[in-house]
Amino acid sequence: TASTNIHKSTSSSSLAHMARLQSHFSQLAPSCSAHLADQNAIPILSTTPHPGSPGLSNLSTAFVQAHDTASRLGLGIPLRVTVTTGAGAAVIQSGVLPEGGEEDEADIGHGHGNGVRGGGVGGSGEGVMLVGTVIAPGDRLAEARIASWGVEEVARKFQR
């Protein structure tokens, strides 16, 4: 099992909370890779040995762009993107908005930074969409779906 990497500065009061999230995150999918990043593709939690890799960063950025595009076209807020490849891999991505984020759908993509609600407004970091990514062998798609729900749960807890 790959160790989980935490890539966000934390205060001493939140270390216990982060340790619980890290433990839960590392157990989500033993045969899959799980990754949680902010809307700027900065890694927060990851079970991959290289969480800052360009590939993971590009996947996170692609989800944010798909989210922005769907919102601009009035298609609604994307819940998940699933990609299966001919090489036998599967990628499932989810975007987790803070509670109440869906109410501000009209604000997404209309002059607010990179098109995602709360993109560091006031420098607080609150209101930032988190992007969860699960990468799995193609024969583990069902496990990857379950793991993606767990990544979403961890993202919601992280946002609190």
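Up top is the structure.
To start, this report covers the structure provided alongside it. (Residues numbered from 1 in each chain as written. Predicted model: local features only at pLDDT ≥ 70, side-chain atom pairs only at ≥ 80, totals over all residues. Heavy atoms only, no water.)

### Observations regarding the environment of isoleucine 44
- Along the polypeptide, isoleucine 44 turns up in strand β3 (residues 43-46).
- Between the alpha carbons of isoleucine 44 and alanine 155 there is a distance of 9.5 Å; along the sequence they are 111 residues apart. (Helix = DSSP H or I, 4+ residues; strand = E, 2+ residues; numbered from the N terminus.)

### Remarks on the pairing of strand β4 (residues 80-84)
- Sheet topology places β4 next to strand β5 (residues 89-96); 5 bridges connect them, and they run antiparallel. Bridging across to β5, valine 81 finds its partner in glutamine 93. (Pairing = 2+ DSSP bridges.)

### Let's talk about the side chain of threonine 47
- Mapping threonine 47 onto the fold places it in the loop between β3 and α2 (54-72).
- Polar side-chain contacts of threonine 47 include one of 2.8 Å to the backbone nitrogen of alanine 34. (Polar contact = N/O pair within 3.5 Å; in protein donor to acceptor, adjacent residues only side chain to side chain.)

### Some remarks on the pairing of strand β6 (residues 130-137)
- Counting buried residues along β6, 6 of its 8 residues qualify, which places the element largely inside the surrounding structure.
- Bridge analysis of strand β2 (residues 33-38) against β6 gives 6 bridges, and the strand direction is antiparallel. Counted as the bridge partner of alanine 34 is valine 134 from β6.
- Relative to β6, β5 runs antiparallel, the two sharing 8 bridges. (Buried < 20%, exposed > 50% of the residue type's maximum accessible area, 1.4 Å probe, protein only.)

### What to know about helix α3 (residues 141-159)
- Taking 1.5 Å of rise per residue, the 19 residues of α3 would be expected to cover 27 Å, and the 27 Å separating its terminal C-alpha atoms lies within 8% of that figure.
- Burial in α3 covers these residues: Leu141, Ala144, Ala147, Ser148, Gly150, Val151, Glu152, Val154, Ala155 and Phe158.
- Buried-residue contacts for α3 involve α1 (15-26), β2, β3, β4, β5 and β6. (Expected span 1.5 Å × (residues − 1). Contact = heavy atoms within 4.5 Å.)

### A closer look at α2
- Over its 19 residues, α2 runs 26 Å from end to end, which matches the ideal 27 Å to within 8%, given 1.5 Å per residue.
- Residues Leu56, Ser60, Phe63, Val64, His67, Asp68, Ala70 and Ser71 constitute the buried set of α2.
- Check the buried side of α2 and you find it contacts β2, β4, β5 and β6.
- Of the residues one or two after α2, glycine 74 is the one with positive phi, at around 75°.

### Points about unusual backbone geometry
- Even without being glycine, alanine 41 reaches a positive phi, approximately 70°.
- Accessibility expressed as a relative area gives 10% for alanine 41, which makes it buried.

### Re the pattern of salt bridges
- Taken as a whole and judged by the stated rule, the model has 5 salt bridges.
- Across the pair glutamate 152 and arginine 80 runs a salt bridge, and its minimum N-O distance is 3.0 Å. Of the two residues, glutamate 152 sits in helix α3 while arginine 80 sits in strand β4, which places them 72 residues apart along the sequence.
- Accessibility expressed as a relative area gives 38% for arginine 80, which makes it partly exposed.
- Note that lysine 157 and glutamate 153 form a salt bridge whose closest N and O atoms lie 3.1 Å from each other. Highlighted residues: lysine 157 and glutamate 153, both in helix α3, separated by 4 residues, approximately one helical turn. (Salt bridge = Lys/Arg side-chain N within 4 Å of Asp/Glu carboxyl O.)

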